[in-house]
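Residue strings, one per chain:
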Amino acid sequence: MKNDAQKIFSLAAVIVAATLFGMVLSGGLNITQQVDADLPDAAPAATMGEMVLPDFVALADHVVPSVVSVYSDDVQDPSERNQRMPNDPFHFFFGPRDDGAQREPQVRRSSGSGFFISSSGEILTNNHVIEDADSIRVRLNDETEYRVEVVGADPATDIALLKIVDPDRKFSALDLGDSAAVRVGEWVMATGNPLDMAHSVTVGVVSAKGRSLGLSAASSSFENFIQTDAAINFGNSGGPLVNLKGNVIGINTAINAAGQNIGFAVPIDVARRILPQLRENGKVVRGYLGVSIGNINKDDAEAFGLDSTEGALVEQVVEGHAASKAGIRHGDVIVAVDGENVVDTRELIDTISAMPPGTEVELGVIRNGKKTTVEVTLEEREADATPEEPGDDSGSEGDVFERVGVTVIGLSPMARQNFRIDEGVEGVVVTRVRPLSPASEEGMSPGLVITEANGEPIDNPAELRSVVEDVDADGYLRLYVYIPRADSYRFVILKLEE
């Protein structure tokens, strides 16, 4: 009994000591949960020594009344519907069924999300939510419905502007935030109509910025998505992604169906730039240079003799368009537009596309290590063309370049036919790429045509060998290559160690 009493006493002492230690530790670290329901003022942020949790309830109360469910109807005629429908198994035995309904137009219904940006009834959503719709209506949080009309749409950024047709009141609108100021790790809330479950909210953080998904040829040049782990599902498209102030920082647009909670939103700054044109013209008309450009890394900078990695490297100039007419060349580095520095390709694209066609701009260019300026008159940007399918690779014997890691052959008629290379392209075609070589590490593949090496035109393997032999150990080989499957050019920078 005495031992049992001692055990009980010891256990009680441990519990009391642990409780007192926990109280002291909590007081010292000030570990508490705090909320702040004041919106749209800045929500609380974590500070050293304490944990502060946002008031998501207050945030949802502020945002949800401004979010709408968007329902669109697309009337399809029988011929269009039959092309989209799977094969009818009865057709094989009895021929096409004639039940009357097959000859009548049918309505295809779809749903998405949107949000008010003005009290007069202007609504932002995704273009793909309302594209090809014959009629559109929206349902508000209080279950009232309104017909809407499309004021303007822009497939390139997947943004559309709608407006209530017969407004009978003022609507609760959300303020547009600053997506450029958004930081990775920041709390966000996604609101919308996922899987037709209206006015749902999810929370998460900004996972990344500047994502490009290659969703379409029309949008590829303008994709600059915010990635978030706030759950986005089918039907959330067009809904707002808001920060803790309740300001919209993105428009929910796409998901990665192969992952969990990997969603993407168009930055609201993109919408803000094009809103005036959507309101006035119903579409967006963009300035166009006519170049393919790439960002500059450390190796590129050394290979081109640049002082920094800022600017946009011109990889291809489209003949007959603005840049070509002004004398821009591949290998030029555009570092400024009208005196304003250009940091990377995204900044150059956004700057030029925001200017109307016919605008005269002064480009600051570095060419062969020297700064110069070029006057360019912008043209109107048209929809991007779809790349051609790749041709068959060839196993032809050719000259082997061990330092580079490639085998090349001259452009004989047979090689042009095998690799689908036009007569106007000159150079040598890559037939093999050695694994773990400088060429493979930079993504080179059979079928590429090397047209220049370190600025020298290449017409045959011997000319390429001469240039390669002149490159010192740990020096750079600057290749300008043609990509037949995309009908485009780009630079490949290789560091040759031996």
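The rules we used
Residues numbered from 1 in each chain as written. Predicted model: local features only at pLDDT ≥ 70, side-chain atom pairs only at ≥ 80, totals over all residues. Heavy atoms only, no water. Patch = residues over 30% accessible without salt bridge, like charges linked within 9 Å, V, L, I, M, F, W, Y side chains within 5 Å. Areas by Shrake-Rupley, 256 points an atom, 1.4 Å probe, with all protein chains shown as cover. Salt bridge = Lys/Arg side-chain N within 4 Å of Asp/Glu carboxyl O. Helix = DSSP H or I, 4+ residues; strand = E, 2+ residues; numbered from the N terminus. Pairing = 2+ DSSP bridges. Axes fitted to C-alpha atoms, helices over the stretch in contact; angles between N-to-C directions. Contact = heavy atoms within 4.5 Å. Buried < 20%, exposed > 50% of the residue type's maximum accessible area, 1.4 Å probe, protein only. Phe/Tyr/Trp six-rings, centres within 6.5 Å; stacked < 30°, edge-to-face > 60°. Lys NZ or Arg CZ within 6 Å of the ring centre and 35° of its normal. Lys, Arg positive; Asp, Glu negative; His and termini not counted. Charge placed at Lys NZ, Arg CZ, Asp CG, Glu CD. Expected span 1.5 Å × (residues − 1). Bend = angle between axes of the 7 residues up to and from the residue. pLDDT = per-residue confidence, 0-100. Core = buried A, V, L, I, M, F, W, Y, C linked by side-chain atoms within 4.5 Å.

Colleague: Please explain a nonpolar patch on the surface as it appears in this structure.
Modeller: Together, L195, M197 and F234 line one region of the surface with nonpolar side chains, adding up to about 360 Å² of accessible area. By secondary structure assignment, the location of L195 is in the loop between β7 (187–192) and β8 (200–211).

Colleague: Can you walk me through the sheet that holds β8 in this structure?
Modeller: Sheet strands line up and pair through hydrogen bonds in the backbone, either parallel or antiparallel. One closed barrel accounts for six strands, arranged β7-β8-β9-β12-β11-β10; its pairing is antiparallel. Strand-to-strand twist across the sheet, computed as the mean angle between neighbouring axes with direction ignored, equals 45 degrees. Both β7 and strand β10 (residues 240–242) contribute to a ladder of two bridges, which runs antiparallel. What sits directly across from A190, in β10, is L241. Helix α2 (residues 56–63) contacts β7, β8 and β10 of the sheet and is inclined by roughly 40 degrees relative to β7. Contacts from helix α6 (residues 268–281) reach β11 (248–255) and β12 (263–267), with the element oriented near 35 degrees to β12.

Colleague: Is there a simple way to explain the pattern of salt bridges in this structure?
Modeller: Any two side chains of opposite charge can pair, given that their charged atoms come close. Using the criterion set out here, one finds 15 salt bridges in the structure. Taking the shortest distance from any N to any O, the salt bridge between D350 and R346 comes out at 3.3 Å. On the criterion of helical spacing, the pair formed by D350 and R346 is a turn pair, its members being four residues apart in helix α9 (residues 345–353). Taken together, the shared-partner salt bridges connect R137, R139 and E145 into one network.

Colleague: Whenever I open this one, the environment of L436 confuses me. Can you help?
Modeller: Relative to the elements of secondary structure, L436 occurs in the loop between β23 (428–433) and α11 (438–441). When the C-alpha positions of L436 and G405 are compared, they lie 8.3 Å apart, and in sequence the two are 31 residues distant.

Colleague: For this particular structure, what's the right way to read unusual backbone geometry?
Modeller: When glycine is set aside, most residues are seen to have a negative phi, and most peptide bonds are trans. The backbone of H199 shows a phi angle near 55 degrees, a positive value even though the residue is not glycine. A positive phi angle, close to 50 degrees, is found at D487, a residue other than glycine. Along the chain, D487 falls in the loop between β26 (475–483) and β27 (488–496). On the basis of relative accessible area, D487 is assigned to the partly exposed category, the value being 46%.

Colleague: How do you make sense of the packing of aromatic side chains when you look at a structure like this?
Modeller: Aromatic ring pairs: the centre-centre distance and the angle between the two ring planes describe each pair. One pass over the full model with this rule turns up eight aromatic pairs. Considering the side-chain rings of Y482 and Y489, the 5.0 Å spacing of their centres and the 50 degrees angle between planes classify their relative orientation as tilted. We classify Y489 as partly exposed; its relative accessible area is 21%. One aromatic cluster is present, built from ring pairs that chain together F304, Y480, Y482, Y489 and F491. A cation over a ring is seen here: R465 above F401, with NZ or CZ 4.4 Å from the ring centre. Between R478 and the ring centre of F304, over which it is positioned, the NZ or CZ distance is 4.6 Å.

Colleague: How should the side chain of S179 be read in this particular structure?
Modeller: Within the secondary structure, S179 is located in the loop between β6 (159–164) and β7. The exposure class assigned to S179 is buried, which follows from its relative accessible area of 4%. Setting aside residues up to four positions removed in sequence, S179 forms contacts with K209, I226, I249, P267, I268 and D269.

Colleague: I would appreciate a short explanation of α9 in the present structure.
Modeller: The periodicity of an α-helix, 3.6 residues per turn, causes residues three or four places apart in sequence to face the same way. Every buried residue belonging to α9 is among T345, R346, L348, D350, I352 and S353, and all of these are buried. Here the buried face of α9 lies against α6, β13 (287–288), β14 (291–294), β15 (312–317) and β16 (333–337).

Colleague: So what exactly am I meant to see when it comes to a negative patch on the surface here?
Modeller: Among the surface-exposed residues, E310, D338, E340, E347, E360, E362 and E375 lie close enough to one another that they form a single negatively charged patch. Here E347 is to be found in helix α9. Of the residues examined, E347 reaches a relative accessible area of 31% and is grouped as partly exposed.

Colleague: What is the right way to read α6 from this model?
Modeller: With 14 residues, α6 should cover 20 Å at 1.5 Å per step; its first-to-last C-alpha distance of 20 Å lies within 8% of that length. Considering bend angle alone, the principal kink of α6 is centred on I274 and spans about 45 degrees; proline P276 follows within four residues of it. Here α6 has its buried residues at I268, D269, V270, A271, I274, L275, Q277 and L278. Positive phi shows up at G282, right after α6, with a value of about 80 degrees.

Colleague: Looking at this structure, how should I read the confidence of the model for the protein?
Modeller: Any segment with low pLDDT has predicted coordinates that should not be analysed in fine detail. Mean pLDDT for the protein: 82, with 79% of residues reaching 70 or above. Taken element by element, the predicted model of the protein shows its lowest mean pLDDT in helix α4 (residues 89–94) (40) and its highest in strand β3 (residues 122–125) (97). Low pLDDT, under 50, characterises residues 24–37; the predicted model gives this stretch 21 contacts beyond four residues in sequence or across chains. Confidence over residues 83–95 falls short of pLDDT 50; this stretch has seven contacts with residues more than four positions distant or in other chains.

Colleague: What's the story with the nonpolar core in this structure? I'm lost.
Modeller: One broad rule of soluble globular proteins: the nonpolar side chains tend to lie buried together. If you look at the biggest cluster of nonpolar residues, it comprises 27 residues, and the most contacted ones within it are F115, L124, I159, V242, I251 and I268. Those elements that place two or more of their residues in this core are α2, β6, β11, β12 and α6. Take this core: its biggest share by element is six residues, from α6. If near-sequence neighbours (up to four positions away) are discounted, L124 is found in contact with G114, F115, I117, I159, A160, L161, G238, I251, I268, A271 and L275. Grouped together as the second largest cluster of nonpolar side chains are 23 residues, A439, V467, V468 and V481 included.

Colleague: Please explain the pairing of strand β19 (residues 370–377) as it appears in this structure.
Modeller: In summary, the side chains of a regular strand alternate between the two faces of the sheet. Sheet topology note: the strand β18 (residues 360–367)/β19 ladder contains eight bridges and is antiparallel. The residue bridging V361 from the neighbouring strand is V376, located in β19. Counted along the chain from β18 to the antiparallel partner β19, the turn is two residues long, and its residue N368 has a positive phi close to 55 degrees.

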